[in-house]
Amino acid sequence: MTSAASPHLTGGLNTLVISGRVDADRAELTPRGELVHGCADILARTLAELPATVTRVDLDMGRVHFMDTAGLQFLDVLSDYGRGRATTVTTTNWNGQPRRILELAGLDTTDPLRTAPHDPAPAASSAVALERAERLHLLQSEVEQLRQAIASRPVIDQARGILMATHGCTSDQAWHILRETSQLSNTKLRDVAAAVTASAESNGPPPPPELRTALNKALTRRHHS
């Protein structure tokens, strides 16, 4: 039993693959990859393939290494399946970035499908709703930062390579040069890297004056360090 998702929209090559086995009335599923757009559909198809005799579904989430808000839809599908089939469903072994997302969403990181306590009184309910909204905002902000970091990494790595080849520095030194240039010029690191990369191309434009000045300062400091 194996289900796979298409490559996700962040541009990576990772897919969500759900493998598993059925032993009598228990199904053990192991998702691998990322809980991003489309993951809930892949899960729904996997669950639909389970025999009607299954009364317990256990998911080992240890091989899921990235999760955005689509992961909450993944959990909703599991929860609906459990209620609709009167089936016990567990998701355990969360770690890394997915575990952090569960924390921000206010879910139990041991098993987010664990039965929640009874609803609080109306006054307390409003406070809980506000807290959940704040947590969701934090979750979305953190995921967006991760997406930007993923998108920026190729151009930053390319700029580091250019500095290493041009100035004979190490990879760590090139990283510090880029970061210091960013700080000195008050320019985003990705924009600094893009300018360095563009200037290395044939007839490529030189970096803007303020960025070029900051880069020269960072290079001078490295030579004197």
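All residue numbers refer to position in the chain's written sequence, counted from 1. Whole-chain, interface and lining totals are the exception, using all residues; otherwise, since this is a predicted model, local features are given only for residues with pLDDT of at least 70 and side-chain atom pairs are given and counted only at 80 or more. Heavy atoms throughout the structure, all of them, feed into the side-chain values; hydrogens and water do not.

Caption draft 1: Here's a closer look at the overall build of the protein chain. Numbering of helices and strands starts at the N terminus; helices are DSSP runs of H or I of at least 4 residues and strands are runs of E of at least 2. Scanning the protein chain from N- to C-terminus turns up 7 helices and 6 strands. Across the protein chain, helices and strands are ordered from the amino to the carboxyl terminus as β-β-β-α-β-β-α-β-α-α-α-α-α. As presented, the protein chain carries roughly 13,000 Å² of accessible surface, and 51% of it is formed by carbon and sulfur atoms. Method for areas: the Shrake-Rupley scheme with a 1.4 Å probe, in which residue coverage is limited to the protein chains shown.

Caption draft 2: How the structure looks around unusual backbone geometry. Positive phi, normally seen in glycine, also occurs at Ala-86, with a value near 50°. Positionally, Ala-86 belongs in the loop between helix H2 (70–85) and strand S6 (88–92). One non-glycine residue, Asn-93, lies in the positive phi region at around 70°. With respect to the element layout, Asn-93 can be found in the loop between S6 and helix H3 (96–104).

Caption draft 3: Broad picture of the confidence of the model for the protein chain. Averaged over all residues, the pLDDT of the protein chain equals 81, while 77% of them reach at least 70. One confidence number per residue, pLDDT, is output by the predictor and ranges from 0 to 100. When pLDDT is averaged over each element of the protein chain, strand S4 (residues 56–60) comes out on top at 96 and strand S1 (residues 2–4) at the bottom at 52. The contact definition used throughout considers only heavy atoms, calling two residues in contact when any of these lie within 4.5 Å. Across residues 4–14, where pLDDT falls below 50, the model places 18 contacts with residues more than four positions away in sequence or in other chains. The model gives residues 115–125 a pLDDT under 50, and that stretch makes 2 contacts with residues more than four places away or in other chains.

Caption draft 4: Representation of the pairing of strand S2 (residues 17–23). Any two strands between which DSSP finds at least two bridges are classified as paired. Sheet analysis places S2 next to strand S3 (residues 26–35), joined by 7 bridges and oriented antiparallel. Each bridged residue has a counterpart across the sheet, and for Asp-23 the counterpart in S3 is Arg-26. Hairpin connection of S2 to S3: 2 residues between the antiparallel strands, including Ala-24 at a positive phi of 60°.

Caption draft 5: Here's a closer look at the nonpolar core. Ranked by size, the top nonpolar core spans 25 residues in total, and within it Leu-35, Leu-47, Val-57, Leu-59, Phe-74 and Leu-78 carry the most contacts. Secondary structure elements with two or more residues in this core: S3, helix H1 (39–48), S4, strand S5 (64–67), H2 and H3. By residue number, the principal contributor to this core is H2, which donates 5 residues. Sequence-distant contacts of Leu-59, defined by excluding residues within four places in its chain, comprise Leu-29, Pro-31, Leu-43, Phe-74, Leu-78, Val-89, Thr-90, Thr-91 and Thr-92. In this structure, Leu-178, Leu-211, Leu-215 and Leu-219 belong to the second largest nonpolar core, which totals 18 residues. In this description, a nonpolar core means a group of buried Ala, Val, Leu, Ile, Met, Phe, Trp, Tyr and Cys residues linked to one another through side-chain atoms lying within 4.5 Å. Between buried and exposed lies partly exposed: a residue is buried under 20% and exposed over 50% of the maximum accessible area for its type, with that area taken using a 1.4 Å probe on protein chains only.

Caption draft 6: Highlighting the packing of helix H5 (residues 171–185) against helix H6 (residues 189–199). For every element, the axis is a line fit to its C-alpha atoms; helices are fit only across the contacting stretch, and the angle between N-to-C directions ranges from 0 to 180 degrees. Contact geometry for H5 and H6: axes closest at 9 Å, N-to-C directions at 115°. When the axis of H5 is compared with that of H6, the two are roughly perpendicular. For the pair H5 and H6, the crossing hand works out as right-handed. Contacts from Trp-175, Leu-178, Arg-179, Thr-181, Ser-182 and Ser-185 of H5 reach H6 at Leu-189, Val-192, Ala-193 and Val-196. In terms of residue class, the contact of H5 with H6 is made up of 6 nonpolar, 3 polar and 1 charged. Note on angle classes: values under 35 degrees are labelled roughly parallel, values over 145 roughly antiparallel, values of 65 to 115 roughly perpendicular, and the remainder oblique. Handedness of a helix crossing follows the sense of rotation of the near helix relative to the far helix, less than a right angle counterclockwise being left-handed and clockwise being right-handed. Here the nonpolar group is Ala, Val, Leu, Ile, Met, Phe, Trp, Tyr, Cys and Pro; Asp, Glu, Lys and Arg are the charged ones; every other residue, Gly included, is treated as polar.

Caption draft 7: A look at H5. Between the first and last residue of a helix there are one fewer steps than residues, each counted as 1.5 Å, and that sum is the expected span. Relative to the 21 Å expected for 15 residues at 1.5 Å per residue, H5 spans 21 Å between its end C-alpha atoms, a close match to the ideal helical length. All of the buried residues along H5 are Ala-174, Ile-177, Leu-178, Glu-180, Thr-181, Ser-182 and Ser-185. Positive backbone phi, at 55°, marks Asn-186, one or two positions downstream of H5.

Caption draft 8: Representation of the environment of Met-61. Within the secondary structure, Met-61 is located in the loop between S4 and S5. With 32 residues separating them along the chain, Met-61 and Asn-93 place their C-alpha atoms 5.4 Å apart. Ignoring sequence-local partners within four residues, the contact set of Met-61 consists of Pro-31, Leu-35, Phe-74, Thr-91, Thr-92, Asn-93 and Trp-94.

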